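Each chain, letter by letter, is given below.
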Amino acid sequence: MAVMTVRRRSTSVDLQHSVTMSDPTGAGPGEPEYDAIVIGAGVIGGAVAYELARRGHRTLNIDKGPGAGYGSTSASSAVVRFSYSTETGVAAAWDGMHYWRNWAEYLGAPDESGYAKLVQCGMVLLIQGEEGHHNRVMPLWDRLGVPYEYWDHTELEQRLPTFDLDLYGPPSRSTDDDFWKEAHGTMVGALFSPDAGYVDDPQLAAHNLQRAAEAQGGEFRFRTEVVGFLTHPCASGDRVTGVELADGSTVTAKVVVNVGGPHSSAINKLAGVYDAMNIKTASIRHETYHVPGPPDMDFTADGFAVADDDSGIYFRPQPGNNILVGTTDPPCDPKVPVGPDEELGEITSDGWETNTMRINKRMPTLGVPLPHEKKGVVDRYDKSDDWIPIYDRTDLDGFYVAIGTSGNQFKNAGVAGHMMAELIEAVEGGHDHDAEPLQVTARYTGVNLDMATFSRNRQINPSSSMSVHG
(Lines give C-alpha, C1' and ligand atoms only; values in the text may rest on other atoms or scores of the structure.)
Protein backbone atom coordinates (compact mmCIF):
# COMPACT_ATOMS: atom_id res chain seq x y z
CA MET A 1 0.00 0.00 0.00
CA ALA A 2 1.51 3.35 -1.06
CA VAL A 3 1.76 6.06 1.56
CA MET A 4 1.37 9.79 1.00
CA THR A 5 2.58 12.32 3.57
CA VAL A 6 0.99 15.64 4.40
CA ARG A 7 3.30 18.23 5.94
CA ARG A 8 0.85 20.45 7.78
CA ARG A 9 1.17 23.65 9.73
CA SER A 10 0.71 23.31 13.46
CA THR A 11 -1.33 25.77 15.50
CA SER A 12 1.99 27.05 16.90
CA VAL A 13 4.06 29.31 14.71
CA ASP A 14 6.34 27.67 12.13
CA LEU A 15 5.95 24.17 13.54
CA GLN A 16 4.79 21.21 11.52
CA HIS A 17 3.95 17.57 11.91
CA SER A 18 3.25 14.75 9.52
CA VAL A 19 0.23 12.54 9.11
CA THR A 20 -0.05 9.67 6.66
CA MET A 21 -2.71 9.02 4.08
CA SER A 22 -3.07 5.56 2.61
CA ASP A 23 -3.53 5.11 -1.10
CA PRO A 24 -5.81 2.05 -1.41
CA THR A 25 -4.73 1.42 -4.99
CA GLY A 26 -1.12 0.98 -3.98
CA ALA A 27 -0.19 2.89 -7.11
CA GLY A 28 0.80 6.19 -5.53
CA PRO A 29 -0.67 9.58 -6.45
CA GLY A 30 -3.02 9.71 -9.42
CA GLU A 31 -2.96 12.17 -12.31
CA PRO A 32 -2.35 15.64 -10.80
CA GLU A 33 -4.85 18.42 -11.35
CA TYR A 34 -2.12 20.89 -12.40
CA ASP A 35 1.38 20.83 -13.78
CA ALA A 36 2.44 23.62 -11.42
CA ILE A 37 1.05 25.36 -8.36
CA VAL A 38 2.58 28.79 -7.80
CA ILE A 39 2.24 30.07 -4.24
CA GLY A 40 1.91 33.83 -4.60
CA ALA A 41 0.38 36.15 -7.19
CA GLY A 42 2.66 39.15 -6.92
CA VAL A 43 4.58 40.38 -9.93
CA ILE A 44 7.12 37.53 -9.84
CA GLY A 45 4.54 34.85 -9.02
CA GLY A 46 2.48 36.08 -11.96
CA ALA A 47 5.51 36.04 -14.24
CA VAL A 48 6.43 32.47 -13.24
CA ALA A 49 2.88 31.34 -13.96
CA TYR A 50 2.73 33.15 -17.29
CA GLU A 51 6.07 31.75 -18.45
CA LEU A 52 5.01 28.21 -17.53
CA ALA A 53 1.54 28.61 -19.02
CA ARG A 54 2.86 29.95 -22.32
CA ARG A 55 4.98 26.79 -22.53
CA GLY A 56 1.81 24.69 -22.31
CA HIS A 57 1.77 23.85 -18.60
CA ARG A 58 -1.42 23.89 -16.52
CA THR A 59 -0.84 26.43 -13.74
CA LEU A 60 -2.65 27.54 -10.59
CA ASN A 61 -1.63 30.57 -8.52
CA ILE A 62 -2.74 30.55 -4.88
CA ASP A 63 -2.59 33.78 -2.88
CA LYS A 64 -3.88 34.89 0.53
CA GLY A 65 -4.60 38.39 -0.77
CA PRO A 66 -7.73 39.69 -2.49
CA GLY A 67 -6.10 39.99 -5.92
CA ALA A 68 -2.89 39.94 -7.93
CA GLY A 69 -0.15 42.19 -6.59
CA TYR A 70 -1.91 43.18 -3.37
CA GLY A 71 1.04 42.11 -1.19
CA SER A 72 4.51 43.64 -1.20
CA THR A 73 4.35 44.14 -4.99
CA SER A 74 1.88 46.99 -4.55
CA ALA A 75 4.35 48.79 -2.25
CA SER A 76 7.31 48.46 -4.60
CA SER A 77 9.13 51.58 -5.74
CA ALA A 78 9.34 49.74 -9.10
CA VAL A 79 12.66 51.35 -10.03
CA VAL A 80 14.21 49.88 -13.18
CA ARG A 81 17.99 50.21 -12.99
CA PHE A 82 21.07 48.14 -13.74
CA SER A 83 23.53 49.01 -10.95
CA TYR A 84 23.99 45.53 -9.49
CA SER A 85 27.12 44.05 -7.94
CA THR A 86 27.32 40.79 -9.91
CA GLU A 87 27.51 40.15 -13.64
CA THR A 88 24.41 37.95 -13.62
CA GLY A 89 22.57 40.57 -11.59
CA VAL A 90 23.34 43.26 -14.15
CA ALA A 91 22.60 40.91 -17.05
CA ALA A 92 19.20 40.02 -15.60
CA ALA A 93 18.27 43.65 -14.92
CA TRP A 94 19.37 44.77 -18.38
CA ASP A 95 17.35 42.03 -20.05
CA GLY A 96 14.48 42.68 -17.62
CA MET A 97 14.17 46.28 -18.82
CA HIS A 98 13.33 45.03 -22.30
CA TYR A 99 10.29 43.17 -20.95
CA TRP A 100 8.93 46.46 -19.59
CA ARG A 101 9.76 48.39 -22.74
CA ASN A 102 7.85 45.76 -24.76
CA TRP A 103 5.29 45.04 -22.04
CA ALA A 104 2.03 44.80 -24.02
CA GLU A 105 3.72 42.84 -26.79
CA TYR A 106 5.33 40.49 -24.25
CA LEU A 107 2.02 39.80 -22.52
CA GLY A 108 0.12 39.19 -25.74
CA ALA A 109 -3.23 39.48 -23.96
CA PRO A 110 -5.61 42.38 -23.25
CA ASP A 111 -6.28 43.70 -19.77
CA GLU A 112 -9.49 45.62 -19.12
CA SER A 113 -7.55 47.83 -16.68
CA GLY A 114 -4.90 48.86 -19.22
CA TYR A 115 -1.16 48.22 -18.99
CA ALA A 116 1.55 49.29 -16.59
CA LYS A 117 4.04 51.61 -18.28
CA LEU A 118 7.81 52.02 -18.09
CA VAL A 119 8.79 55.66 -17.57
CA GLN A 120 12.38 55.97 -18.80
CA CYS A 121 13.46 59.12 -17.00
CA GLY A 122 17.04 57.82 -16.69
CA MET A 123 18.98 57.20 -13.48
CA VAL A 124 21.89 59.03 -11.90
CA LEU A 125 24.32 57.04 -9.75
CA LEU A 126 26.21 59.65 -7.75
CA ILE A 127 29.96 59.00 -7.35
CA GLN A 128 31.42 60.10 -4.03
CA GLY A 129 35.07 59.37 -4.74
CA GLU A 130 37.47 56.97 -6.37
CA GLU A 131 36.17 54.09 -4.25
CA GLY A 132 32.52 53.16 -4.43
CA HIS A 133 29.73 51.09 -5.93
CA HIS A 134 30.39 52.52 -9.40
CA ASN A 135 33.67 50.59 -9.54
CA ARG A 136 31.72 47.34 -9.51
CA VAL A 137 29.13 48.62 -11.95
CA MET A 138 31.13 50.21 -14.78
CA PRO A 139 33.14 47.12 -15.84
CA LEU A 140 29.93 45.07 -15.87
CA TRP A 141 28.10 47.66 -17.97
CA ASP A 142 31.03 47.79 -20.37
CA ARG A 143 31.12 44.01 -20.69
CA LEU A 144 27.36 43.62 -21.17
CA GLY A 145 26.81 46.65 -23.40
CA VAL A 146 24.59 48.63 -21.03
CA PRO A 147 24.51 52.24 -22.33
CA TYR A 148 25.69 54.90 -19.89
CA GLU A 149 27.37 58.27 -19.69
CA TYR A 150 30.07 59.38 -17.27
CA TRP A 151 29.45 62.88 -15.93
CA ASP A 152 32.39 64.60 -14.28
CA HIS A 153 31.77 67.13 -11.53
CA THR A 154 31.39 70.04 -13.94
CA GLU A 155 28.80 68.25 -16.05
CA LEU A 156 27.04 67.04 -12.93
CA GLU A 157 26.66 70.65 -11.79
CA GLN A 158 25.21 71.57 -15.16
CA ARG A 159 22.81 68.61 -15.24
CA LEU A 160 21.66 68.92 -11.63
CA PRO A 161 21.84 72.62 -10.83
CA THR A 162 19.42 72.35 -7.87
CA PHE A 163 21.57 69.71 -6.11
CA ASP A 164 24.06 70.27 -3.31
CA LEU A 165 26.97 68.14 -4.51
CA ASP A 166 28.95 68.26 -1.28
CA LEU A 167 29.81 65.09 0.63
CA TYR A 168 28.32 64.56 4.08
CA GLY A 169 28.53 60.76 4.44
CA PRO A 170 28.78 58.07 5.41
CA PRO A 171 25.01 58.00 5.98
CA SER A 172 23.74 58.72 9.48
CA ARG A 173 20.40 59.35 11.18
CA SER A 174 19.07 62.84 11.76
CA THR A 175 19.28 62.13 15.50
CA ASP A 176 23.05 61.51 15.23
CA ASP A 177 25.59 64.28 15.74
CA ASP A 178 27.39 63.19 12.55
CA PHE A 179 24.35 64.15 10.48
CA TRP A 180 25.00 67.82 11.20
CA LYS A 181 28.72 67.91 10.47
CA GLU A 182 30.08 70.20 7.78
CA ALA A 183 30.76 68.85 4.30
CA HIS A 184 34.12 67.13 3.80
CA GLY A 185 34.46 67.21 0.02
CA THR A 186 32.45 67.17 -3.20
CA MET A 187 31.06 64.57 -5.57
CA VAL A 188 33.51 63.31 -8.20
CA GLY A 189 30.74 62.85 -10.74
CA ALA A 190 28.01 60.39 -11.69
CA LEU A 191 27.05 57.55 -13.98
CA PHE A 192 23.89 58.21 -15.98
CA SER A 193 21.95 55.30 -17.49
CA PRO A 194 19.37 56.71 -19.93
CA ASP A 195 17.36 53.48 -20.23
CA ALA A 196 16.59 53.32 -16.51
CA GLY A 197 13.43 54.64 -14.86
CA TYR A 198 10.42 53.18 -13.09
CA VAL A 199 7.15 51.34 -13.71
CA ASP A 200 4.20 53.60 -13.03
CA ASP A 201 1.77 51.09 -11.44
CA PRO A 202 3.27 47.99 -9.76
CA GLN A 203 -0.05 46.41 -8.78
CA LEU A 204 -1.40 46.83 -12.30
CA ALA A 205 1.70 45.07 -13.63
CA ALA A 206 0.82 42.01 -11.53
CA HIS A 207 -2.77 42.18 -12.79
CA ASN A 208 -1.45 42.32 -16.36
CA LEU A 209 0.49 39.10 -15.74
CA GLN A 210 -2.61 37.45 -14.26
CA ARG A 211 -4.59 38.23 -17.40
CA ALA A 212 -1.73 37.03 -19.61
CA ALA A 213 -1.46 33.74 -17.69
CA GLU A 214 -5.22 33.26 -17.80
CA ALA A 215 -5.18 33.77 -21.56
CA GLN A 216 -2.81 30.78 -21.69
CA GLY A 217 -5.11 28.67 -19.51
CA GLY A 218 -3.67 29.58 -16.09
CA GLU A 219 -5.95 29.82 -13.04
CA PHE A 220 -5.86 31.98 -9.90
CA ARG A 221 -7.37 31.50 -6.45
CA PHE A 222 -7.36 34.46 -4.07
CA ARG A 223 -8.14 34.68 -0.34
CA THR A 224 -6.75 31.16 -0.17
CA GLU A 225 -4.02 29.93 2.18
CA VAL A 226 -1.66 26.97 1.84
CA VAL A 227 -1.27 25.20 5.20
CA GLY A 228 0.40 21.94 4.20
CA PHE A 229 2.23 20.03 1.51
CA LEU A 230 1.41 16.65 0.00
CA THR A 231 4.49 14.49 -0.57
CA HIS A 232 5.14 10.97 -1.77
CA PRO A 233 8.23 8.74 -1.45
CA CYS A 234 10.42 8.54 -4.53
CA ALA A 235 13.81 7.10 -5.41
CA SER A 236 15.71 10.17 -4.19
CA GLY A 237 13.69 10.77 -1.02
CA ASP A 238 10.37 12.60 -1.09
CA ARG A 239 8.56 14.40 -3.88
CA VAL A 240 5.94 17.12 -3.56
CA THR A 241 2.59 16.17 -5.06
CA GLY A 242 0.43 19.12 -4.08
CA VAL A 243 -0.77 21.35 -1.27
CA GLU A 244 -3.37 21.37 1.48
CA LEU A 245 -5.50 24.49 1.89
CA ALA A 246 -6.89 26.15 5.00
CA ASP A 247 -10.40 24.87 4.25
CA GLY A 248 -9.12 21.30 4.44
CA SER A 249 -9.16 20.63 0.71
CA THR A 250 -6.12 19.57 -1.29
CA VAL A 251 -4.84 20.41 -4.76
CA THR A 252 -2.41 18.14 -6.58
CA ALA A 253 0.36 19.15 -8.98
CA LYS A 254 3.60 17.88 -10.48
CA VAL A 255 5.57 20.81 -9.07
CA VAL A 256 5.01 23.58 -6.53
CA VAL A 257 6.82 26.95 -6.66
CA ASN A 258 7.25 29.13 -3.56
CA VAL A 259 6.95 32.77 -4.64
CA GLY A 260 5.48 33.79 -1.31
CA GLY A 261 7.47 37.01 -0.78
CA PRO A 262 7.54 37.81 2.95
CA HIS A 263 5.87 34.45 3.63
CA SER A 264 8.67 32.54 1.88
CA SER A 265 10.60 31.35 4.93
CA ALA A 266 7.42 30.14 6.65
CA ILE A 267 6.45 28.26 3.49
CA ASN A 268 9.91 26.67 3.30
CA LYS A 269 9.62 25.55 6.93
CA LEU A 270 6.21 24.10 6.16
CA ALA A 271 7.73 22.14 3.27
CA GLY A 272 10.64 20.96 5.45
CA VAL A 273 13.38 22.52 3.29
CA TYR A 274 14.31 25.62 5.32
CA ASP A 275 17.12 24.10 7.39
CA ALA A 276 18.81 22.54 4.36
CA MET A 277 19.23 25.87 2.55
CA ASN A 278 22.52 27.68 3.10
CA ILE A 279 20.99 31.06 2.23
CA LYS A 280 17.96 32.01 4.31
CA THR A 281 15.33 34.70 3.90
CA ALA A 282 13.52 36.91 6.38
CA SER A 283 10.68 39.40 6.28
CA ILE A 284 11.73 42.95 7.24
CA ARG A 285 9.74 46.15 7.65
CA HIS A 286 10.34 48.91 5.12
CA GLU A 287 9.15 52.46 4.60
CA THR A 288 9.15 54.75 1.58
CA TYR A 289 8.19 58.43 1.65
CA HIS A 290 6.39 60.84 -0.66
CA VAL A 291 7.47 64.49 -0.58
CA PRO A 292 6.54 67.50 -2.74
CA GLY A 293 8.92 68.28 -5.59
CA PRO A 294 10.99 71.49 -5.71
CA PRO A 295 9.08 74.69 -6.47
CA ASP A 296 11.63 75.73 -9.09
CA MET A 297 11.21 72.73 -11.43
CA ASP A 298 8.74 70.05 -12.52
CA PHE A 299 10.51 67.02 -11.11
CA THR A 300 7.96 64.61 -12.59
CA ALA A 301 8.69 65.84 -16.11
CA ASP A 302 12.35 66.81 -15.81
CA GLY A 303 13.77 64.85 -12.89
CA PHE A 304 15.78 61.63 -12.80
CA ALA A 305 15.85 58.59 -10.59
CA VAL A 306 18.85 59.05 -8.29
CA ALA A 307 20.97 56.66 -6.20
CA ASP A 308 22.76 58.59 -3.47
CA ASP A 309 24.95 56.35 -1.33
CA ASP A 310 26.50 59.37 0.39
CA SER A 311 23.10 60.20 1.90
CA GLY A 312 21.79 56.62 2.08
CA ILE A 313 18.75 57.21 -0.11
CA TYR A 314 17.37 56.69 -3.59
CA PHE A 315 14.57 58.76 -5.07
CA ARG A 316 12.56 59.06 -8.24
CA PRO A 317 9.79 61.20 -9.76
CA GLN A 318 6.16 60.69 -8.79
CA PRO A 319 3.13 62.11 -10.67
CA GLY A 320 2.09 65.62 -9.71
CA ASN A 321 5.61 67.00 -9.12
CA ASN A 322 6.20 64.70 -6.19
CA ILE A 323 9.20 62.57 -5.24
CA LEU A 324 9.31 59.03 -3.87
CA VAL A 325 12.19 58.60 -1.39
CA GLY A 326 13.52 55.29 -0.09
CA THR A 327 16.51 54.19 1.94
CA THR A 328 19.35 52.19 0.41
CA ASP A 329 19.52 50.38 3.76
CA PRO A 330 22.91 51.67 4.95
CA PRO A 331 24.28 50.14 8.18
CA CYS A 332 22.84 52.94 10.33
CA ASP A 333 19.26 52.25 9.23
CA PRO A 334 17.30 49.68 11.25
CA LYS A 335 16.41 46.33 9.69
CA VAL A 336 13.32 45.42 11.69
CA PRO A 337 12.21 41.78 11.35
CA VAL A 338 8.46 41.52 11.10
CA GLY A 339 6.14 38.57 10.69
CA PRO A 340 4.54 38.15 7.27
CA ASP A 341 1.09 38.90 8.73
CA GLU A 342 2.14 41.18 11.59
CA GLU A 343 0.66 44.66 11.88
CA LEU A 344 3.09 47.23 10.48
CA GLY A 345 1.81 50.43 12.01
CA GLU A 346 2.28 53.88 10.51
CA ILE A 347 5.32 55.66 9.12
CA THR A 348 7.72 56.32 11.98
CA SER A 349 8.63 59.88 12.89
CA ASP A 350 12.32 58.95 12.98
CA GLY A 351 12.23 57.42 9.52
CA TRP A 352 10.26 60.32 8.06
CA GLU A 353 12.47 62.99 9.57
CA THR A 354 15.74 61.24 8.70
CA ASN A 355 14.92 60.55 5.08
CA THR A 356 13.17 63.82 4.28
CA MET A 357 16.11 65.67 5.78
CA ARG A 358 18.51 63.51 3.77
CA ILE A 359 16.87 64.49 0.49
CA ASN A 360 16.53 68.10 1.65
CA LYS A 361 20.26 68.22 2.26
CA ARG A 362 20.82 67.00 -1.31
CA MET A 363 18.10 69.26 -2.80
CA PRO A 364 17.94 72.33 -0.56
CA THR A 365 15.15 74.04 -2.53
CA LEU A 366 12.74 71.29 -1.47
CA GLY A 367 12.29 72.67 2.01
CA VAL A 368 11.65 70.32 4.92
CA PRO A 369 8.10 68.88 4.97
CA LEU A 370 6.29 69.44 8.25
CA PRO A 371 6.34 66.51 10.72
CA HIS A 372 2.56 66.13 10.64
CA GLU A 373 2.55 65.81 6.84
CA LYS A 374 4.00 62.29 6.84
CA LYS A 375 3.09 60.57 3.58
CA GLY A 376 4.34 57.29 2.16
CA VAL A 377 4.04 53.54 2.32
CA VAL A 378 4.81 51.01 5.04
CA ASP A 379 5.24 47.40 3.99
CA ARG A 380 7.65 44.50 4.27
CA TYR A 381 9.95 42.69 1.92
CA ASP A 382 11.67 39.36 1.70
CA LYS A 383 15.40 39.84 2.32
CA SER A 384 17.98 37.13 1.67
CA ASP A 385 21.19 36.90 3.71
CA ASP A 386 23.21 38.66 0.99
CA TRP A 387 20.34 40.61 -0.61
CA ILE A 388 20.61 38.48 -3.77
CA PRO A 389 17.50 36.43 -4.63
CA ILE A 390 17.18 32.65 -4.58
CA TYR A 391 15.88 31.22 -7.85
CA ASP A 392 16.40 27.49 -7.41
CA ARG A 393 15.12 23.98 -6.83
CA THR A 394 15.11 22.56 -3.28
CA ASP A 395 15.94 19.28 -1.58
CA LEU A 396 12.26 18.30 -1.85
CA ASP A 397 11.89 17.07 -5.40
CA GLY A 398 9.39 19.10 -7.39
CA PHE A 399 9.49 22.06 -4.96
CA TYR A 400 11.09 25.26 -6.29
CA VAL A 401 11.68 28.74 -4.88
CA ALA A 402 11.77 32.27 -6.29
CA ILE A 403 12.35 34.16 -3.05
CA GLY A 404 14.59 36.60 -1.17
CA THR A 405 13.87 39.33 -3.68
CA SER A 406 14.99 41.95 -1.13
CA GLY A 407 13.00 44.87 -2.49
CA ASN A 408 15.08 45.03 -5.69
CA GLN A 409 13.67 42.37 -8.00
CA PHE A 410 10.42 43.94 -9.24
CA LYS A 411 12.30 45.09 -12.32
CA ASN A 412 13.34 41.50 -13.02
CA ALA A 413 9.86 39.95 -12.95
CA GLY A 414 9.82 38.88 -16.59
CA VAL A 415 13.35 37.53 -16.65
CA ALA A 416 12.82 35.78 -13.28
CA GLY A 417 9.76 34.06 -14.70
CA HIS A 418 11.77 33.02 -17.75
CA MET A 419 14.64 31.66 -15.66
CA MET A 420 12.31 29.73 -13.34
CA ALA A 421 10.41 28.17 -16.24
CA GLU A 422 13.68 27.14 -17.89
CA LEU A 423 14.94 25.73 -14.58
CA ILE A 424 11.77 23.77 -13.84
CA GLU A 425 11.65 22.23 -17.29
CA ALA A 426 15.34 21.34 -17.17
CA VAL A 427 15.27 19.75 -13.71
CA GLU A 428 11.99 17.92 -14.33
CA GLY A 429 13.59 16.67 -17.54
CA GLY A 430 16.47 15.13 -15.57
CA HIS A 431 19.10 17.91 -15.42
CA ASP A 432 21.21 17.89 -12.23
CA HIS A 433 21.15 21.60 -11.46
CA ASP A 434 23.04 21.22 -8.19
CA ALA A 435 25.99 19.53 -9.91
CA GLU A 436 25.85 21.62 -13.08
CA PRO A 437 24.07 24.97 -12.56
CA LEU A 438 21.81 25.85 -15.42
CA GLN A 439 22.91 28.50 -17.91
CA VAL A 440 19.93 30.40 -19.31
CA THR A 441 19.95 32.52 -22.45
CA ALA A 442 18.21 35.86 -21.85
CA ARG A 443 15.18 36.37 -24.08
CA TYR A 444 15.88 39.89 -25.39
CA THR A 445 19.61 40.52 -25.07
CA GLY A 446 20.87 36.97 -25.60
CA VAL A 447 23.33 37.29 -22.70
CA ASN A 448 24.08 34.33 -20.45
CA LEU A 449 22.34 34.12 -17.07
CA ASP A 450 24.34 31.89 -14.74
CA MET A 451 21.80 30.53 -12.26
CA ALA A 452 24.54 29.51 -9.83
CA THR A 453 24.39 33.19 -8.76
CA PHE A 454 20.94 32.53 -7.31
CA SER A 455 21.61 29.15 -5.71
CA ARG A 456 20.12 28.29 -2.31
CA ASN A 457 23.43 26.65 -1.42
CA ARG A 458 25.82 29.43 -2.48
CA GLN A 459 28.18 31.00 -0.02
CA ILE A 460 27.27 34.55 0.95
CA ASN A 461 28.46 36.64 -1.96
CA PRO A 462 31.27 39.05 -0.89
CA SER A 463 30.64 41.12 -4.02
CA SER A 464 27.11 41.97 -2.92
CA SER A 465 26.52 45.48 -1.69
CA MET A 466 24.41 43.97 1.14
CA SER A 467 21.71 46.51 0.38
CA VAL A 468 18.87 47.11 -2.05
CA HIS A 469 21.60 47.75 -4.63
CA GLY A 470 21.91 43.94 -4.71
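Just so it is clear, the model here is predicted, and its values are computed rather than measured. (Residues numbered from 1 in each chain as written. Predicted model: local features only at pLDDT ≥ 70, side-chain atom pairs only at ≥ 80, totals over all residues. Heavy atoms only, no water.)

Enquirer: When you look at helix H6 (residues 202-215) in this model, what are you seeing that I'm missing?
Expert: Along an α-helix, residues three or four apart share an orientation, since each turn contains 3.6 residues. Here H6 is 14 residues long and its end C-alpha atoms lie 20 Å apart, about the 20 Å a rise of 1.5 Å per residue gives. Within H6, ten of the 14 residues are buried, which leaves it mostly tucked inside the rest of the structure. Here H6 has its buried residues at Pro-202, Leu-204, Ala-205, Ala-206, His-207, Asn-208, Leu-209, Gln-210, Ala-212 and Ala-213. Residues of H6 that are buried sit in contact with helix H1 (43-54), helix H2 (87-101), helix H3 (103-107), strand S10 (197-199) and strand S11 (219-221). The first or second residue beyond H6 is Gly-217, which carries a positive phi of 100 degrees. (Helix = DSSP H or I, 4+ residues; strand = E, 2+ residues; numbered from the N terminus. Expected span 1.5 Å × (residues − 1). Buried < 20%, exposed > 50% of the residue type's maximum accessible area, 1.4 Å probe, protein only. Contact = heavy atoms within 4.5 Å.)

Enquirer: In this structure, what is going on with the sheet that holds strand S17 (residues 313-318)? I would like to understand it.
Expert: Sheets are built from strands that pair by backbone hydrogen bonding, the pairs being arranged parallel or antiparallel. Taken together, eight strands build an open sheet; the order of strands is S8-S9-S7-S16-S17-S18-S15-S19 and the sheet is mixed. Edge positions in the sheet fall to strand S8 (149-152) and strand S19 (376-384), since each of these pairs with one other strand and no more. Strand-to-strand, the axes of this sheet are offset by a mean angle of 25 degrees, without reference to chain direction. As paired strands, S17 and strand S18 (residues 322-327) are joined by six bridges and run antiparallel to one another. Bridge pairing links Phe-315 to Val-325 in S18. The sheet strands contacting helix H9 (residues 349-362) are strand S7 (123-127), strand S15 (281-292), strand S16 (305-308), S17 and S18, and the helix crosses S15 at an angle near 55 degrees. (Pairing = 2+ DSSP bridges. Axes fitted to C-alpha atoms, helices over the stretch in contact; angles between N-to-C directions.)

Enquirer: Looking at this structure, I do not really get the environment of Asp-152. What am I missing?
Expert: As for its position among the elements, Asp-152 is in strand S8. Separated by 202 residues in the primary sequence, Asp-152 and Thr-354 have C-alpha atoms spaced 29 Å apart. Among residues more than four places away in sequence, those in contact with Asp-152 are Val-188 and Gly-189. Of the polar contacts made by the side chain of Asp-152, one reaches the backbone nitrogen of Thr-154; its length is 3.2 Å. (Polar contact = N/O pair within 3.5 Å; in protein donor to acceptor, adjacent residues only side chain to side chain.)

Enquirer: Help me out: how do you make sense of the side chain of Asn-208 in this one?
Expert: Turning to its location among the elements, Asn-208 is positioned in helix H6. By relative accessible area, Asn-208 is classed as buried at 1%.

Enquirer: What exactly am I supposed to notice about the pattern of salt bridges here?
Expert: Any two side chains of opposite charge can pair, on the condition that their charged atoms come close. Applying the stated criterion to the full structure yields 28 salt bridges. Between Asp-333 and Arg-358 there is a salt bridge, with its nearest N and O atoms 2.8 Å apart. Placement of Asp-333 in the loop between S18 and H9 and of Arg-358 in helix H9 is noted, with a sequence separation of 25 residues between them. Like Asp-333, the residue Arg-358 is buried in the burial classification. Taken together, the salt bridges that share partners define one network made up of Glu-51, Arg-54, Arg-55, Glu-422, Glu-425 and Arg-443. (Salt bridge = Lys/Arg side-chain N within 4 Å of Asp/Glu carboxyl O.)

Enquirer: Would you mind showing me how to read the pairing of strand S20 (residues 390-393) here?
Expert: Pairing analysis gives four bridges linking S20 to strand S21 (residues 399-403), with the strands arranged antiparallel. When the bridges of S21 are listed, Tyr-391 appears paired with Ala-402. Here S20 folds back onto S21, and the loop between the two strands holds five residues, one of which, Gly-398, carries a positive phi near 85 degrees.

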